[in-house]
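# An overview of the molecular structure
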Amino acid sequence: MIFFLKHKIFPFFLLMLTLIFYIYFCRKIEINPLIDKSSIHYINDLYMSNELYYDNLNYQEQKLYMNLLEAINNYKANYYININKDNCYSLEKCSSMGTKAMEAIIMDHPELLQIANYSWSYNSLNDSENVKLTFSYAIKFKFISKLGEMRIARIIDKIKKTTKNMSEIEKIKYVYEWIGENNKYNKTFMYFDSNQSAFTVFINHNSVCAGFAKASQIIFQNIGITSYYVTGTSTGPHAFNIVKVEDKYYLYDSTVASTINSESDNFYKGLEQKYLSSFSIDNQNLYPTLNTDEIFING
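So, here's what we can say about the structure. Within each chain, residues carry numbers counting from 1 in the order of the written sequence. Restriction of local features to residues with pLDDT of at least 70 applies here, the model being predicted, together with a cutoff of 80 or more for giving and counting side-chain atom pairs; totals for whole chains, interfaces and linings are based on all residues. Excluded from the side-chain calculations are hydrogens and water; all other atoms, namely the structure's heavy atoms, are used.

## Observations regarding the sheet that holds strand β7 (residues 237-245)
Reading across the sheet, the 4 strands line up as β8-β7-β6-β9 and stay open at both edges, with antiparallel pairing between neighbours. Looking at strand neighbours, the two that pair on one side only are β8 (248-252) and β9 (280-281), the edges of this open sheet. In this scheme, strands are said to pair when DSSP sees at least two bridges between them. Numbered from the N terminus, helices here are DSSP runs of H or I no shorter than four residues, and strands are runs of E no shorter than two. Bridging between strand β6 (residues 227-233) and β7 involves 7 bridges; their strand directions are antiparallel. By the bridge assignment, serine 227 is partnered in β7 with valine 243. The contact criterion used is simple: two residues touch if any of their non-hydrogen atoms lie within 4.5 Å. Axis definition: a line fitted to C-alpha atoms, over the contacting stretch in the case of helices. Angles run 0 to 180 degrees between N-to-C directions. Across the sheet, helix α6 (residues 168-182) touches β7 and β8, and the angle it forms with β7 is around 155°.

## A short note on unusual backbone geometry
With a phi close to 60°, glutamate 51 is a non-glycine residue in the positive phi region. Positioned with a positive phi, glutamate 246 is a non-glycine residue whose angle comes to about 50°. Here glutamate 246 lies in the loop between β7 and β8. Type-normalised accessible area, obtained with a 1.4 Å probe on protein chains alone, sets the label of each residue: buried when under 20%, exposed when over 50%, and partly exposed for intermediate values. For glutamate 246, a relative accessible area of 66% corresponds to the exposed category.

## Concerning the state of the cysteines
Count a disulfide wherever a pair of cysteine sulfur atoms falls within 2.5 Å. Going through the model one piece at a time under the given rule, you end up with 1 disulfide. Each sulfur in the disulfide pair cysteine 88 and cysteine 94 lies 1.8 Å from the other. Looking down the S-S bond of the cysteine 88 and cysteine 94 bridge, the torsion is 65°, so its handedness is right-handed.

## Section: the packing of aromatic side chains
When two rings of Phe, Tyr or Trp (its six-membered ring) have centres within 6.5 Å they constitute a pair, described as stacked for plane angles under 30 degrees, edge-to-face for angles over 60, and tilted for the intermediate range. Under the criterion given, the structure shown has 17 aromatic pairs. Ring centres of tryptophan 178 and phenylalanine 202 lie 5.8 Å apart, and the angle between their planes is 40°; on these two criteria the pair is classed as tilted. Here phenylalanine 202 lies in helix α7 (residues 199-204) and tryptophan 178 lies in helix α6, a separation of 24 residues in the sequence. When its relative accessible area of 1% is taken as the criterion, phenylalanine 202 is described as buried.

## Looking at the side chain of glutamine 62
One can find glutamine 62 in helix α3 (residues 59-73). For glutamine 62, a relative accessible area of 17% corresponds to the buried category.

## Quick word on the pairing of β7
Counting buried residues in β7 gives 7 out of 9 residues, a clear majority hidden from the surface. When β7 meets β8, the two strands line up antiparallel, connected through 5 bridges. Residue pairing in the sheet places lysine 244 in a bridge with tyrosine 249 of β8. Taking the residues that link successive antiparallel strands as the turn, the β7-β8 hairpin has 2 residues, and the phi of glutamate 246 there is positive, at about 50°.

## With respect to the pattern of salt bridges
The term salt bridge refers to a side-chain nitrogen of Lys or Arg lying within 4 Å of a carboxyl oxygen of Asp or Glu. Counted under the stated rule, the structure contains 6 salt bridges. One salt bridge connects lysine 161 with aspartate 157, and the closest N-O pair in it is separated by 3.3 Å. Of this pair, lysine 161 and aspartate 157 both sit in helix α5 (residues 142-163), 4 residues apart, which is roughly one turn of that helix. Judged by relative accessible area, lysine 161 falls into the exposed class, the value being 57%. Residue aspartate 157 is classed as buried on the basis of its relative accessible area of 2%. We note a salt bridge from aspartate 293 to lysine 248, for which the minimum N-O separation is 3.9 Å.

## Some remarks on the nonpolar core
A general trend in soluble globular proteins is that nonpolar side chains are found buried together. As used in this record, nonpolar core signifies buried Ala, Val, Leu, Ile, Met, Phe, Trp, Tyr and Cys residues forming a set joined through side-chain atoms within 4.5 Å. With 86 residues, the main nonpolar core has Leu68, Met102, Phe135, Ile172, Phe202, Tyr252 and Tyr287 as its most contacted residues. Here this core gets 9 residues from one element, more than from any other, and that element is helix α4 (residues 91-108). Residues contacting phenylalanine 202, with those up to four places away along its chain left out, are Ile152, Ile155, Ile156, Trp178, Ala215 and Ile219.

What follows is the structure, given as structure tokens:
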């Protein structure tokens, strides 16, 4: 008590710190209505997987997918794919299964903030042949990832309230503008693993295409826009989105917004279907047919 009387500024500082923490991390918000905590695909409250890539795996690949997902959620450094245990019969088949399962996880779970990349190697363990999958983490500590989820949920809640009465086109343009006005393309550290996470968009405001596309995907689901996170090529390997407007599907690339000043005539080029039509999409058969109407530019 004597300490507080002598240091009157301390209780005020403590109160302000508590208030800031509450507003940024603990303030009550509306939860994404698509979240199903009973689902085996539930990761966190930011996003509910559409399971698109999981559903296109065979039984053994799906089983490996779930085992890998559990390992990532527990921040394991490695996972060993065993010829006998995982029924893959050869090291080549095991590595193929591991690659396919990991790529499916990355495509299905933009809300999985901690995972950035992976690598594999052949490994001999306990006199048994294995393929060793090594995980690269964008966020090194689980508690930081959890704090990030809490903060991102409140950022999204603000976007949700702002866009509540907007049309689908207005919502999509708002997200595009929000990405561009709050972020810069990370040219200096573009190859860093951390840039593959949506965390860098919401928290660091500095990312690359994978981060921007994953962040857009998470926001879209929360504000009622049907969309897909996709990979493919533009001038090189790229990540972007497909968005649905009035039962038609269009390309969307918020990376453009992060690289061009909002005052530029080219700022909305990432919504221009003529420009985006040159992009190719990996596994295009999994996605709806695209429309080329310029609804965002002239709508």
